Every structure is written in C-alpha cells, then in structure tokens.
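Structural characterization, general
The residues making up each chain are set out below.
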Amino acid sequence: MNHFPELWGRPRDDVYGPYNSSYLKSTGPKTHTQSPAVTGTSVVAVKFNGGVAIAADNLASYGSLSRFTDVKRLRVFGESAVVGFSGDVSDMQYIDRLLESIDIRENYSTHGNLLNAKNLHTYLSKVFYKRRSDFNPLWNHILVAGFDGDKKPFLSSADLLGTTYSGPHLATGFGAHLAVPILRRLFPEEKPIEEITKEDAVSALRECLKVLWYRDARSLDKYSIAIITEDGVELNEDQKLEEQSWAFAESIKGYGAQVV
Amino acid sequence: MFRNNYDNDAVTFSPQGRIFQVEYAQEAVKQGSVVVGLVNKTHSVLVGLKRNAEELSSYQKKIIEVDSHMGIAIAGLASDARVVSNFMKQQSLSSRMTYGRPIPVDRIVTQIADRAQTNTQQYGKRPYGVGLLVAGVDEAGPHLFEFQPSGMIHEMLACAIGARSQMARTYLERHLDEIESSSRDELITHGLRALKETLSQDKELTVDNTSVGVVGLAGEGAKGKIESFKLYEGQQLLPLLETVEQQDSGETKEGEGMEVDS
C-alpha cells in the first residue's frame, strides 16, 4: 500500500502492463454532452377530428441494452397538452422538472390564462435552441400534441438543435423512417383531418408501434398512448401490442433463424 | 423645530407606522395631470389630459402603447413612467418570443408592482414617482389595473388618478351601472365626460390636450380575436369630442324642458 489514493484499486502495472492513462484525462474539452446515454426510441402522433393521439413505447435503452422497460415517455402538461420524448432519458427528466415548475407558476394566475400546447412547443423549442447554442444540447427529439389558441388540434416537433416543424402526423427517431410512410398511406394529404376518427388514429398508431417493434431493435412491445380531446387527456401507460405475427421474419435473410 | 426625522430614506418606518418617502411619491402622482380608465364587458379605455410645460412646447404624452393588447396611462413623473413602460415593453416582447403569446395583464402588472415594492424596501433606492392605469385584454377578457408607487395594485371597474381626479371618480361612481353595460363608443364618451368633470372653469377638452386609448375584444366577424390597442390623438379625436359636446348640450336642453313642464 502506498500513499497515492489514485493508484489504489487499479490493475498492477507489473502484472497487466501500464494503465492507459488517456482514460483518466482531466483536461481538455467536456465530451459527455456530445452523445446521449440512456435513450428512448420513437414517438408517433396523429391528428384526428377533434384532437390528437400520441404514442411511445416504455423502453429506455442503454446503448443496445434494453435497460429499463417501464419508462413513461409521454408527459401530460396542464389540461390538454402532451409532450412525447425520444432521445436522452435524463434530459427528458430535466425537461420534465422544467415543465413542472412552469405548470406551478402558471397556476398561480387567478385568471384563465394557461399555456396551451402551441405556447409550450414554442417555449421548449427556445430551450433546445439556447442549449445547443451553449454547446450543451438537451439530447431529445420531442412531439408536442394538444390544442392551439384557436382550440384547433395542434401537433409539432422540436429537436435538440431547436429545429421545429409540424404536420398532421409526425414521428421521431426510427419512426420517422418506418411509421411516417404507413401514416402517409393511411391518411393521404388530400384526406382532410375532419374525416379521420379517433378510432382510426388510435389503430394507426398501434399499427405503427407494431411495425417499429418488428423492425427497430431498440423498441419494446409495451407502450403508452395518450388521446387528447376537448374533454381532456386520456392516458394509458401499460399497454401491450396484441396480435403479433412474426411469420414474415422467416422469409427475410438475416432477420430470423436462417438455414443457409 | 418640527423637522421630520423619518423621511430621509424610503426604508424607515415612522413611529406611527408610515413610510414618508412613499407617501411623498404618492403626492407626485397627485400633482400629475389626470388620467381616467374604465372597462365594460368587452373593452378597456384610457383617457388622459395632456399638459404642456409652456405655451411654445409640445404636450407631454400621457398614454403609451405597451403591446398590441395593452396600454398604460401615466400620472406623475413622466421620466419614471418611461422606465416602467420600457420594462413592460421588454416583458411583453419576451413573452411573445418565448411562449408565442401576449403576456396576461395581471402577470405584467404584478411584475411592475414587485419592482416598485423593492424600491420601498432597499436602502438607497427611491420609489417610482408615477401612478399608472394599465388597460389590456387577455384570455380572461378586458382588464383595468391601478398601480401606485407603493407597489399596490388593484383591478378596477373604473378609476382616475392625478390632479383633481376626485371629480372624475365621483362621476364614475355615479355612472357605474351605465358604464358596465355600455357599448365601446359609449365607454369612450363616459371616459371623456369623467375627464371633463376635472377641468377648472376656464379650461376645456381640445384635440390638443386630450388623449384616448382603446383596447378590447374584437366584435363578431372581425379578423383577430382582439381589437388592438388604438391611440386617438389630434384630429382623430374630433368625432369623439363632438359626441360628448352633443350629449352635454342635449342634457341642458332636456333640463330646460323639464323646468318649463313644471
């Protein structure tokens, strides 16, 4: 035993060779902000006649490890707004605390001036942009669903760079590649939102989550779904994907069990 | 001999529990020319009497637009009012920038009240020498707030502050029921008539010395949800002042008529 605590508990140099001290570097730029650690995958959302439906699975991955299987990535804000988070889970929890404190402050107001989903989306996009400009981004891609100031269904996205866009249906992460084409087929551009029922929207989301579960290796068959209407938010957090069929896997090379 | 020892700063109480510097600041408000504010179910109106320092100078601005949904009328030190209104403008823009919504009226009034109160509790500071009437609309409808240098705020149905404002307040109290159920234009007329009450014998309301600000909810079929703050000054006031003129002469005639009847 010597008097240098930093040397205690390390592999012995004479047995294992000198330790690669570059891992202990205490100088140089901060790098832990440059990649997410524990992540959530896609969020999918669709506008329908009189509201918005949004869904995400309950998984938080640590790299490719399925680390936490009961993480709720849909967050209800106020009376009728829901934020769906993909990306870093600790940053999600930070934003969650931010939203909590805003909600408390807003409710001090004696008059009925409460933030709607559109206000919330504007605010969050500014937070993301501020943080990316500080070179310390919040590693998320979010969907905000609810109503705007005219009581019309609202759905918009914001990402870690502060980029925003909106649409009648949106998806983040892998869903942007796998779910959006399905939603575009089900709800083509010429079909007005007024013709889409709540049931259509919900079954479309379930379909998207199922495809994501089949093809996104960071996904889970347990999911949460929120339906936002004039009457408020109906949130179901412990749903399971029903009627799974892996028959298709047989015919795909490199997917299931293969006989070469 | 009778020197007051408790008015050297704004943080010391007198043994009677008063803070003299704050009371002096309130005197500054009473020296300012009068402003009147009133609300009905759809609109909030500010009316002010402008003064010119000398015959050759311009008139001091009394009503300031803070944002498209809100304006203030000032009585007291105009330079202090500018500081407060600049702060309000900044806060309004900041709300539009970060949340994309016009700032709720009670929120911004509370913010200036908090600042004003700080000035009465920190050594080396002085209270604002200005009183404000804040008129605005938000999701909860039209509002009128009174703000005092002490940091007190009240939501009002109708209010007047400044020199000889008691006369206007008396008018407003007498006509409160009419004001509550009035239309937009009637509301402005009530404001002007309340203002007129405060004038001394040799004075009258002219297009030069009067200022009117209106903000409210938009009527049905209008483009937006609110009628943006509009300031009436100069020639724009002519029709408004004429309405008051006609009403007054009408009343005198009626009065004469009744005398004949009896």
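Residues numbered from 1 in each chain as written. Chains lettered and ligands numbered in written order. Predicted model: local features only at pLDDT ≥ 70, side-chain atom pairs only at ≥ 80, totals over all residues. Heavy atoms only, no water.

Per the secondary structure count, chain B includes seven helices and ten strands. Taking 2.2 N^0.38 as the reference for a compact globule, 262 residues should give roughly 18 Å; the C-alpha atoms of chain B span a radius of gyration of 20 Å, in line with that estimate. Excluding contacts between residues fewer than 6 apart, the proportion of contacts in chain B whose partners are at least 24 apart in sequence is 64%. Roughly 13,700 Å² of accessible area belongs to chain B as shown, and the carbon and sulfur atoms make up 50% of that amount. Charge separation in chain B, taken as the distance between the mean sites of 27 positive and 36 negative side-chain charges, equals 8 Å. (Helix = DSSP H or I, 4+ residues; strand = E, 2+ residues; numbered from the N terminus. Rg over C-alpha atoms; globule rule 2.2 N^0.38 Å. Contact = heavy atoms within 4.5 Å. Areas by Shrake-Rupley, 256 points an atom, 1.4 Å probe, with all protein chains shown as cover. Lys, Arg positive; Asp, Glu negative; His and termini not counted. Charge placed at Lys NZ, Arg CZ, Asp CG, Glu CD.)

The positions UniProt marks with the feature "domain: Proteasome alpha-type subunits" (unreviewed entry) are residues 6–28 of chain B. Secondary structure over residues 6–28 of chain B splits into 39% helix and 0% strand, and the C-alpha atoms at its two ends are 18 Å apart. (UniProt positions renumbered as here; feature names shortened; annotations may be inferred.)

Residues and elements named next belong to chain B. With respect to topology, five strands assemble into an open sheet ordered β8-β1-β2-β9-β10, the strand pairing being antiparallel. Single-partner strands in this sheet number two, and they are β8 (158–161) and β10 (226–232). Strand-to-strand twist of the sheet, defined as the mean angle between neighbouring strand axes without regard to direction, takes the value 5°. Its contacts with the sheet place helix α4 (residues 165–174) against β1 (35–39) and β8, and it is angled at close to 170° to β8. (Pairing = 2+ DSSP bridges. Axes fitted to C-alpha atoms, helices over the stretch in contact; angles between N-to-C directions.)

This part covers helix α2 (residues 89–106) of chain A. Residues and elements named next belong to chain A. When the terminal C-alpha atoms of α2 are compared, their 25 Å separation across 18 residues agrees well with the 26 Å that a helix rising 1.5 Å per residue should span. Among all positions in α2, only Val 89, Asp 91, Met 92, Ile 95, Leu 98, Leu 99, Ile 102 and Glu 106 are buried. Down the axis of α2, the smallest arc covering the buried residues is 160°, so these residues share one side. (Expected span 1.5 Å × (residues − 1). Buried < 20%, exposed > 50% of the residue type's maximum accessible area, 1.4 Å probe, protein only. Arc of directions from axis to C-beta.)

Summed over the entire model, instances satisfying the criterion amount to six aromatic pairs over all chains. Measuring from ring centre to ring centre gives 6.2 Å for Phe20(B) and Tyr24(B), while their planes differ by 35°; the resulting arrangement is tilted. Taken together, the positions of Phe20(B) and Tyr24(B), both in helix α1 (residues 20–31) and four residues apart, correspond to about one turn of that helix. Since its relative accessible area comes to 12%, Phe20(B) is described here as buried. In this structure an aromatic cluster arises from ring pairing among Trp213(A), Tyr214(A), Trp246(A) and Phe248(A). Here Arg101(B) stacks its cationic end above the ring of Tyr99(B), 5.7 Å away from the centre of that ring. (Phe/Tyr/Trp six-rings, centres within 6.5 Å; stacked < 30°, edge-to-face > 60°. Lys NZ or Arg CZ within 6 Å of the ring centre and 35° of its normal.)

Time to look at the pattern of salt bridges. Residue and element names in this part refer to chain B. One pass over the full model with this rule turns up 19 salt bridges over all chains. A salt bridge links Glu 23 to Arg 18; the nearest nitrogen and oxygen atoms lie 2.8 Å apart. With a shortest N-O distance of 3.2 Å, Glu 27 and Lys 30 are connected by a salt bridge. You can see Glu 27 and its partner Lys 30 sitting in helix α1, three residues apart, about one turn around the helix. We classify Lys 30 as exposed; its relative accessible area is 51%. (Salt bridge = Lys/Arg side-chain N within 4 Å of Asp/Glu carboxyl O.)

Here we take up a nonpolar patch on the surface. Together, Phe4(A), Leu7(A) and Trp8(A) give the surface a local cluster of nonpolar side chains, amounting to about 330 Å² of exposed area. Classification of Phe4(A) by relative accessible area gives partly exposed; the value is 46%. (Patch = residues over 30% accessible without salt bridge, like charges linked within 9 Å, V, L, I, M, F, W, Y side chains within 5 Å.)

What follows concerns helix α2 (residues 78–99) of chain B. Residues and elements named next belong to chain B. In this model α2 runs 31 Å from its N-terminal to its C-terminal C-alpha over 22 residues, within 8% of the 32 Å that 1.5 Å per residue would give. Among the residues of α2, Asp 80, Ala 81, Val 84, Ser 85, Phe 87, Met 88, Ser 92, Ser 95 and Tyr 99 are the ones counted as buried. Angularly, the buried residues of α2 cover 155° about the axis, an arc narrow enough to put them on a single face. Turned more than 90 degrees from where α2 packs its buried face, Arg 82, Gln 90, Leu 93 and Met 97 sit exposed.

Right, let's talk about the interface of chain A and chain B for a bit. Often the size quoted for an interface is simply the accessible area lost on bringing the parts together. On the chain B side, the residues contacting the 16 residues of chain A number 15 residues. Of the roughly 1,300 Å² buried between chain A and chain B, counting both surfaces, carbon and sulfur atoms make up 42%. Along the contact surface separating chain A from chain B lie three salt bridges. Close ionic contact of Asp150(A) with Lys225(B) constitutes a salt bridge, the shortest N to O distance being 3.8 Å. On inspection of chain A and its partner chain B, the count reaches six residue pairs in polar contact (both at pLDDT 80 or more). Those elements giving two or more residues to the side of chain A that touches chain B turn out to be α2 and α3 (117–133) of chain A. Considering each element in turn, the side of chain A that touches chain B owes the most residues, four residues, to α3(A). (Buried area = accessible area lost by both parts, 1.4 Å probe. Polar contact = N/O pair within 3.5 Å; in protein donor to acceptor, adjacent residues only side chain to side chain.)

It is worth spelling out the pairing of strand β13 (residues 232–240) of chain A at this point. All names here are of chain A. By the bridge criterion, seven bridges tie strand β12 (residues 222–229) to β13 in an arrangement that is antiparallel. If you follow Ala 226 over to β13, its bridge partner there is Leu 235. Linking β12 to β13, which pair antiparallel, is a turn of two residues.

Residues and elements named next belong to chain A. The sheet built from five strands is open, its strands ordered β11-β2-β3-β12-β13 with antiparallel pairing. The open sheet has two edge strands with one neighbour each: β11 (169–171) and β13. Strand after strand, the sheet turns through a mean of 10° between neighbouring axes, direction not considered. Relative to β11, strand β2 (residues 43–48) runs antiparallel, the two sharing three bridges. Counterpart to Val 46 in the pairing with β11 is His 169. Sheet contacts for helix α4 (residues 175–186): β2 and β11; angle to β11, the most-contacted strand, approximately 160°.

A word on the packing of α3(A) against α2(B). With their axes 6 Å apart at the nearest point, α3(A) and α2(B) run at an angle of 90° to one another. Classified by the angle their axes make, α3(A) and α2(B) are roughly perpendicular. For the pair α3(A) and α2(B), contact is made by Asn119(A), Thr122(A), Tyr123(A) and Lys126(A) and by Met97(B), Thr98(B) and Tyr99(B), respectively. For the contact of α3(A) with α2(B), the per-class residue count stands at three nonpolar, three polar and one charged. (Parallel < 35°, antiparallel > 145°, perpendicular 65-115°, else oblique. Nonpolar A, V, L, I, M, F, W, Y, C, P; charged D, E, K, R; others polar.)

Residue and element names in this part refer to chain B. Tracing the backbone shows Arg 184 in helix α6 (residues 184–197). As for Arg 184 and Lys 41, which are separated by 143 residues in sequence, their C-alpha atoms are 9.3 Å apart. Dropping the residues within four chain positions of it, Arg 184 is found in contact with Asn 40, His 43, Val 214, Glu 227 and Tyr 232. Of note is the side chain of Arg 184, whose polar atom sits 2.9 Å from the side chain of Tyr 232.

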